[in-house]
Amino acid sequence: MLINEALDYIKNKYASSCNLEIQQNLYLVNDKKTKKCMIYFITFFDQETSSQKAYCNLLLDELGLDLSLQQAIKDVKMESIGKFLTLDMNKIHDTRLLFQLIDQVFLIYDDHLIILEDDHDDSSYHETAIPKKEIRRRKHIHAAHPQNPKTTTKEIPEKLREMYALAKSNAYYEWVPNFIRQGKFMVDYEDDYPWSEDYKSYFPCYYDMPPEILRGYFSWRKKVREGEYLPIATSLSYLYVYELLNGIGCKDVQERFDKLEEFVERFVRPIAHDQRMEDRVEEWIFELALDMHFPIERVKAYFPDGMLKLDQNLMTLKKVKEHTPSEIFESIMAFSDRSFYKSPVYKKEPEKTKEIAGMIIKNAFKDYRIKKKTLFSFIFKGQRTTSFYPVSNALYERNKEKDILTYDIDPIRIYHLDKYNNWNIKAFQMEKCDSKFIKGLIREIDRFLRAYFEVGRKLKVDDAFDFMEPYEEMAIKDYEEKHKQMDFNLASLQKIRYEAALTRESLLTEEEKEVEVKPVVEKEIDDQDQMTEVIIKKLLKNEDVTSFLQEHHLFIEVVADEMNEAYYDEIGDNIVEIEDNHLVLIEDYREDVEGLLYGRK
């Protein structure tokens, strides 16, 4: 999501100068000294267009921008609100433009701000537990480059001096031309400079890197070209990817692809262990094949496995009649948070649960209509044609050859290039997928199967999914008839319907509540359970537990998983989630958690 990338950029570059405040769908960036709002992002669902809207508001005077930036934002600006320049985030397709505008805000309106360089962290002291994976990565870098000398002005190689002089400006429209110009100039440069620092930058460019960082990079690149891959900062490894995408250091087009694939195989997977980078580079390789106008079969050969699986899952749910219940179940789970795998009914009977759940989904997707739409169309909104920008979010120079091409990658993904060299794509847009509805649908199936098999705690009934009842009963009948393992018990289903009606407002019947309040024999609580309870109580009081986790050297992801695992049997869903690196309680389950804690006392 572009907003997340913008917030990450602000936190990494201006962390000591501003505060970030998040209020549900509103993201405020306030000047730490004056407390005034300088930038804010807002998101909301537009009922009229049935789409998600996102706007960026920057404390900028459009007329104060240089002409290149004024021209760049011409198609994305909206009617401004007061002194804020308003941009439609859905129309911004180049992150570099947004970053340039953010820099303008801090440059123009807050000259007192202290701006951190891209390779520095927040200068204020605080204790933060470093993930083991990061510790290992840093050790590998230091082992590969044991020393860390600093380059003085006199020691800067003449080649680097000449390269720095080639950058015309740091303006948005010059980022790619500067990179290509300097990259070609340095194509054969080699160095032998021991270096071990980490480095972080969005869109890493030669001209804004210190000499010692560049010398370390070129020393690393020399080893790579000799076939030896060593650890290096992620941002600098992206610099190497940018070079390959533009053919810098490659004798022909095919060598670009060979080296990019080798980089994924020999660096990203075994050394960086970065799934996000792997996915991104594989998408760029595919998009590069499109932009090079390769034949259709050759383009398909570079189609990323992740995107292929996504489309296969969509096609399975679109045509449920042609697929088995197990295939349908796996496909719907690909679009969920996968918490259903923690359900006691799934843990007890995984294969049976998987088949029955798939049959329920198959029945509902075939038959049910919401506002005259199938469940599939209601959830995934249908294919849409939108503009497409190959190898976006990279420093890459587009192929200037004009042609008319159409690539039918699969039945639900089509790319088209018009005579003006503009690309568009017809496909499902996953940001418009109703993931909340999918989550509720799976939770309803979990509730029904728990009740039918009498496994685990009963879950509350959600009236929004009453329509599922006939499809659930039909699935049970079909399953039992197919397997002939037991006589169909209509009374069991009638009992489920009766109990569902009783539990619409409360989790348990009065009789069950009486059982629940029976005295519990006290037993020793281990440290982990005690810590979890302390964290839960703090969240119920709306306290920020970030400092508490840091003090006790607890990893936020591990704590979230443990808490969700502990409460899943009783709640049937995750009770906490991570928002902007903060652990938060999901408000929908506040009363349930309070009730369970009270019952444990």
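Residues numbered from 1 in each chain as written. Predicted model: local features only at pLDDT ≥ 70, side-chain atom pairs only at ≥ 80, totals over all residues. Heavy atoms only, no water.

So, about the side chain of S331. Tracing the backbone shows S331 in helix 13 (residues 325-333). You can call S331 buried: its relative accessible area is 3%. (Helix = DSSP H or I, 4+ residues; strand = E, 2+ residues; numbered from the N terminus. Buried < 20%, exposed > 50% of the residue type's maximum accessible area, 1.4 Å probe, protein only.)

Here helix 8 (residues 234-245) crosses helix 9 (residues 253-272) at 160 degrees, and the two axes come no closer than 9 Å. Relative to helix 9, the element helix 8 lies roughly antiparallel. Of the two elements, helix 8 crosses helix 9, and the hand of that crossing is left-handed. Residues S237, Y240, V241, L244 and L245 of helix 8 form the contact with helix 9, whose participating residues are R256, K259, L260, F263 and F267. Taken together, the residues that form the contact of helix 8 with helix 9 break down as seven nonpolar, one polar and two charged. (Axes fitted to C-alpha atoms, helices over the stretch in contact; angles between N-to-C directions. Parallel < 35°, antiparallel > 145°, perpendicular 65-115°, else oblique. Left-handed = near helix turned anticlockwise from the far one by under 90°. Contact = heavy atoms within 4.5 Å. Nonpolar A, V, L, I, M, F, W, Y, C, P; charged D, E, K, R; others polar.)

Turning our eyes to something else, we now look at the nonpolar core. In this structure, I39, F41, I102 and Y415 are the most contacted members of the largest nonpolar core, which totals 103 residues. Listed in part, the 44 residues of the second largest apolar core include L317, A357, F428 and Y471. (Core = buried A, V, L, I, M, F, W, Y, C linked by side-chain atoms within 4.5 Å.)

Side chains of D252, D258, E261 and E262 sit close together on the surface and give a patch of like negative charge. As for its placement among the helices and strands, E261 is situated in helix 9. For E261, a relative accessible area of 35% gives the class partly exposed. (Patch = residues over 30% accessible without salt bridge, like charges linked within 9 Å, V, L, I, M, F, W, Y side chains within 5 Å. Areas by Shrake-Rupley, 256 points an atom, 1.4 Å probe, with all protein chains shown as cover. Salt bridge = Lys/Arg side-chain N within 4 Å of Asp/Glu carboxyl O. Lys, Arg positive; Asp, Glu negative; His and termini not counted. Charge placed at Lys NZ, Arg CZ, Asp CG, Glu CD.)

Read from one edge of the open sheet, four strands run 8-11-10-9, paired in antiparallel fashion. Of all strands in the sheet, those bounded by a partner on one side alone are strand 8 (383-388) and strand 9 (405-410). Along the sheet, successive strands turn relative to each other by an average axial angle of 15 degrees, direction set aside. Two elements, strand 8 and strand 11 (residues 423-428), share six bridges in a ladder whose sense is antiparallel. Pairing of T386 across the sheet is with I425, part of strand 11. Against the sheet, helix 12 (residues 305-318) contacts strand 8, strand 9, strand 10 (413-417) and strand 11, and its axis sits at roughly 120 degrees relative to strand 10. (Pairing = 2+ DSSP bridges.)

Taken as a whole, this structure holds 41 aromatic pairs when the rule is applied. With a centroid separation of 5.0 Å and 40 degrees between ring planes, the pair formed by F376 and F380 is classed as tilted. Linking F376 with F380, this pair stays in helix 16 (residues 375-380), spanning four residues, or about one helical turn. Taken together, a centroid distance of 5.1 Å and an interplanar angle of 45 degrees make the contact between F437 and F465 tilted. Placement of F437 in helix 17 (residues 435-453) and of F465 in the loop between helix 17 and helix 18 (469-483) is noted, with a sequence separation of 28 residues between them. Assessed through its relative accessible area of 12%, F437 is described here as buried. Assessed through its relative accessible area of 6%, F465 is described here as buried. An aromatic cluster is built from F179, Y189, Y206, Y217, F218, W220, Y238, Y240, Y242, F263, F267 and W284, whose rings are joined through pairwise contacts. (Phe/Tyr/Trp six-rings, centres within 6.5 Å; stacked < 30°, edge-to-face > 60°.)

What follows concerns unusual backbone geometry. Positive phi outside glycine occurs at R338, with the angle close to 65 degrees. Looking at where R338 falls in the secondary structure, it is placed in the loop between helix 13 and helix 14 (344-348). The backbone of V391 shows a phi angle near 55 degrees, a positive value even though the residue is not glycine. Note on placement: V391 falls in the loop between strand 8 and strand 9.

Under the counting rule described, the total for this entry stands at 23 salt bridges. In this structure, E351 engages K354 in a salt bridge whose closest nitrogen and oxygen atoms are separated by 4.0 Å. Residue E351 and its partner K354 are located together in helix 15 (residues 350-367), separated by three residues, close to a single helical turn. Taking the relative accessible area as the measure of exposure, K354 reaches 12% and is therefore buried.

Next up on the list: the environment of A566. Examined against the element boundaries, A566 turns out to sit in helix 23 (residues 556-571). Its relative accessible area of 42% is what places A566 among the partly exposed residues. For A566 and T532, which are 34 residues apart along the polypeptide, the C-alpha to C-alpha distance reads 9.2 Å.

Turning next to helix 1 (residues 2-14). Across its 13 residues, helix 1 extends 18 Å between first and last C-alpha, which sits within 8% of the 18 Å expected from 1.5 Å per residue. Those residues of helix 1 not exposed but buried are L2, I3, E5, A6, L7, Y9, I10, K13 and Y14. (Expected span 1.5 Å × (residues − 1).)

Now for the environment of L85. Residue placement: L85 occurs in strand 5 (residues 85-88). Sequence spacing of L85 and I39 is 46 residues, and the spatial spacing of their C-alpha atoms is 9.4 Å.

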